[in-house]
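# A structural walkthrough
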Amino acid sequence: MSELLQVAHVAVFALVTGSCLAALVWVRQLASTEIRYGLYGLFVASALWAAGQLVLFLNPPLALARASYYTALIAGLTTVSAWLYFCSAYAGHEYHRTPRYRRGVLAVFLSVVALKLTNPVHRQYFDIQRVETPFPHANPQLFELHAAVEVLAYSAVAIGFYMLFELFRNSDIPTRGLAALASLTVAPVLLNLLGELGVSALVANSYEPIGVAMFALGTLVLADEQFEEVRWSAETQLLDQINEGVLIVDESGLVRDFNESAQELFPAVRSGCPLNEIDSSLATDGGAQADTEGDSRILAINRDGETLYYLLNRTPLAIGPDMAASALVVSNVTKVETQRRELKRQSEQLEGFSEAVAHELRNTLTIASSNVTLLSDALADGEGDDAEQMLDRIRGANNRMIDIVDDLSTLARLSQVTTEMESVWLAHILDDARKTVASTPLTASVETERQIRADRTRTRELLQNAMELGAEVEAEQLEISVADGSITLTYTVTGMPAFDNDGFLKYGEAVPHAEAGMYGPNIRALARAQEWTVTVEQQDSGFSLVLSGIESVES
């Protein structure tokens, strides 16, 4: 019977040693470097601990038994340190990285190792004797210092368990299996207790490495994928502590998790739904309103009639060895992005002004210069009859240059973006604008029962340019209509040739012709100052300018 018990103990501890070493192959697959380091230390130290106990069961000479037990004692203490490191890393804490904690654990470790190694001097830690029950083996007798260190070690182990079970409690994934596996690491303490109480088949103070081996085998065979998923799921509970919106998306594009900020920003978000069902701007191609640049882009999102800008950052994540995901972090950058876009608009506008000055003034100066030359030649040849006509052309060119400079000066002032909007009647503003336009057969009318939110001065200047444009292209009628979110300026022009829509709104393009080339860009500049957009539509009977982004008000 005793030989059978000895074989059983040797076999079990050999299996424990092999299991801990075999688990290292699985540990190598884990994504987190820190968790790998913790488990490497835990399983290697447990293997040495079990091997040190195994030698005692073989009933070796006492000198070899003492050396083996020293190895087991130091390996057991190393197991506690590795356990704390693993629990801190796995639960997402910073204790294992904090220098003062690391130094504290190292100091305690070295102090306890010194107590163990100096046992031959003070003889207060253990002694080795050969015993015959329940089978012949080398049996350590443990003294007061060992008991004190054992209390300290189990207190440290309890701290690790607290971190693990807090993690399990916060996880959305069922964790009973992992909690049971973790509990097995201390279950063999009951075997030690039974051995102390005199159960004849058990050897006291020997069975702790079995618990670590059971944990290793259990996670290896039963809970490989769940081991990493639980940690990831619990860590996502921290998302609600982040002010920015965060979406966790798997590699198939489905939302796995999100925080409260993301739910406030995207009310349609739910677990398991595709990104494009939440908001089209979150699509991987960036959407129509996204400026894509690498893994970050700007989203323009309309909320309650206001355009807000968000910076979207995509960061890759790993959920276990076989599952990938991404964290989409959405940060409100409305103020910065609005300023950036305004600076860009102003830069483009200044460039346009520069082109307008270069184009319009150069043409006008060319006309004036040519007529000055002709006038000089005519006076030299005594042809005074043509002189008055040439002087009129020079005066006209001079007046046109003055008008161009005045118009651009006014535009430079009025093209600055304004937020001081009020409810206005377009018909009243059109009446004011008509007073500033030279006599023209153009008929202009407003057909609407709505007011709009606009800046009165800029809108009057815009309508003035619209009427002058109509006069230049010889339009018979300008009809202005207001719909939801837009104003349409429709020009009726007989026999007007087709023109370039883009060039119509750009300075220096002379579209639809040189005399009218300033008015389209002027209208766009005054519209953009009120955060409106302008598009051109050509019809058989003329063309239309559509101003979008306008807030209309029922009368």
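For every chain, the first residue of the written sequence is number 1, and numbering continues from 1 along that sequence. Two thresholds apply to this predicted model, a pLDDT of at least 70 for residue-level local features and 80 or more for giving and counting side-chain atom pairs, whereas whole-chain, interface and lining totals are computed over all residues. Working from all heavy atoms in the structure, the side-chain values ignore hydrogens and water.

## Side note on unusual backbone geometry
Working note: non-glycine residues mostly have negative phi, and peptide bonds are mostly trans. What counts, and what does not: Elements are defined by DSSP. Helices are runs of H or I of four residues or more, strands are runs of E of two residues or more, and each kind is numbered from the N terminus. The classification of residues rests on relative accessible area computed with a 1.4 Å probe and restricted to protein chains. Under 20% of the type maximum is buried, over 50% is exposed, and intermediate values are partly exposed.
Backbone torsion omega between T133 and P134 reads -5°, so that peptide bond is classified as cis. Among the secondary structure elements, P134 is positioned in the loop between β1 (126-131) and β2 (137-142). Phi at N59 takes a positive value of approximately 55°, unusual for a residue other than glycine. Relative to the helices and strands, N59 is located in the loop between α2 (33-57) and α3 (62-90). Of the residues examined, N59 reaches a relative accessible area of 25% and is grouped as partly exposed. For E474, which is not a glycine, the phi torsion comes out positive at approximately 60°. When you line up the elements, E474 lands in the loop between α16 (456-472) and β12 (477-483).

## What to know about helix α4 (residues 99-117)
Counted only if it meets this: Take the residue count of a helix, subtract one, and multiply by 1.5 Å to get its expected span. The arc in question is the one traced by the directions running from the helix axis out to the C-beta atoms.
Across its 19 residues, α4 extends 27 Å between first and last C-alpha, which sits within 8% of the 27 Å expected from 1.5 Å per residue. For α4, the set of buried residues is F109, V112, V113 and K116. Burial along α4 is one-sided: seen end-on, the buried residues are contained in an arc of 105°. Seen from the open side of α4, the exposed residues pointing more than 90 degrees away from its buried face are R100 and R103.

## Observations concerning the pairing of strand β13 (residues 486-492)
Our working definition: Between any two strands, pairing holds if DSSP finds at least two bridges.
Burial within β13 is extensive, with 5 of its 7 residues counted as buried. Here 7 bridges tie β12 to β13, and the two strands are oriented antiparallel to one another. What sits directly across from E479, in β13, is T490. What sits between β12 and β13 in their antiparallel hairpin is a turn of 2 residues, with G485 showing a positive phi close to 80°.

## Regarding a negative patch on the surface
The cut-off we apply is this: Surface patches are defined over residues having more than 30% relative accessible area and no salt bridge, joining like charges when they lie within 9 Å and nonpolar side chains (Val, Leu, Ile, Met, Phe, Trp, Tyr) when within 5 Å. Residue exposure ignores everything except the shown protein chains as possible cover, and the areas themselves are Shrake-Rupley values with a 1.4 Å probe. Criterion for a salt bridge: a side-chain nitrogen of Lys or Arg within 4 Å of a carboxyl oxygen of Asp or Glu. Counting rule applied: Lys, Arg positive; Asp, Glu negative; His and chain ends not counted. Where a charge sits is defined by one atom per residue type, namely NZ (Lys), CZ (Arg), CG (Asp) or CD (Glu).
Taken together, the side chains of E472, E474, E476 and E515 define an acidic patch exposed on the protein surface. For E515, the position within the fold is in the loop between α17 (501-504) and α18 (519-528).

## Focus: the packing of aromatic side chains
Ring pairs (aromatic) are described by centroid distance and by the angle formed between their planes. To keep it simple, the criterion reads: Between 30 and 60 degrees the pair is tilted, below 30 it is stacked and above 60 it is edge-to-face, where a pair is any two Phe, Tyr or Trp rings, Trp via its six-membered ring, whose centres lie within 6.5 Å. Remark: a charge is flagged as sitting over a ring if the NZ atom of Lys or the CZ atom of Arg is within 6 Å of the ring centre and within 35 degrees of the ring normal.
Scanning the model with the defined rule gives 13 aromatic pairs in all. Three or more aromatic residues joined by ring pairs make a cluster, and in this case those are F13, F57, F135 and Y207. Looking at R100, its charged tip hangs above the ring of Y101, at a distance of 4.9 Å from the centre.

## Some words on the packing of α3 against α4
Selection rule: Structural elements are reduced to axes, namely lines fitted to C-alpha atoms, with helices fitted over the stretch in contact, and the angle between N-to-C directions of any two is expressed from 0 to 180 degrees. Put simply, angles under 35 degrees are roughly parallel, angles over 145 are roughly antiparallel, angles from 65 to 115 are roughly perpendicular, and the rest are oblique. Should the near helix be turned anticlockwise from the far one by less than a right angle, the crossing is termed left-handed; should it be turned clockwise, right-handed. Should any heavy atoms of two residues lie within 4.5 Å, those residues are considered in contact. The classification used treats Ala, Val, Leu, Ile, Met, Phe, Trp, Tyr, Cys and Pro as nonpolar, Asp, Glu, Lys and Arg as charged, and all other residues, Gly among them, as polar.
Taken N-terminus to C-terminus, the directions of α3 and α4 make an angle of 165°; their axes are 10 Å apart at the nearest point. It follows that α3 is roughly antiparallel to α4 by the angle criterion. Where α3 crosses over α4, the two elements pack in a sense that is right-handed. On the side of α3, the interface is formed by Y70, L73, I74, L77, T78, S81 and Y85, while α4 contributes R102, V105, F109, V112, V113, K116 and L117. Counted by class, the contact of α3 with α4 contains 10 nonpolar, 2 polar and 2 charged residues.

## Remarks on the sheet that holds strand β10 (residues 443-447)
Sheet architecture is open: 5 strands sit in the order β10-β12-β13-β15-β14, paired in mixed fashion. Since the sheet does not close on itself, it has two edges, and those belong to β10 and β14 (533-539), each with one partner. Across the sheet, the mean angle from the axis of one strand to that of its neighbour is 15°, orientation sign disregarded. Two elements, β14 and strand β15 (residues 542-548), share 7 bridges in a ladder whose sense is antiparallel. Opposite Q538, over in β15, you have F543 as the bridge partner. Docked against the sheet, α16 engages β10, β12, β13 and β15, running at close to 20° with respect to β13.

Honestly, it's all geometry; don't read function into it.
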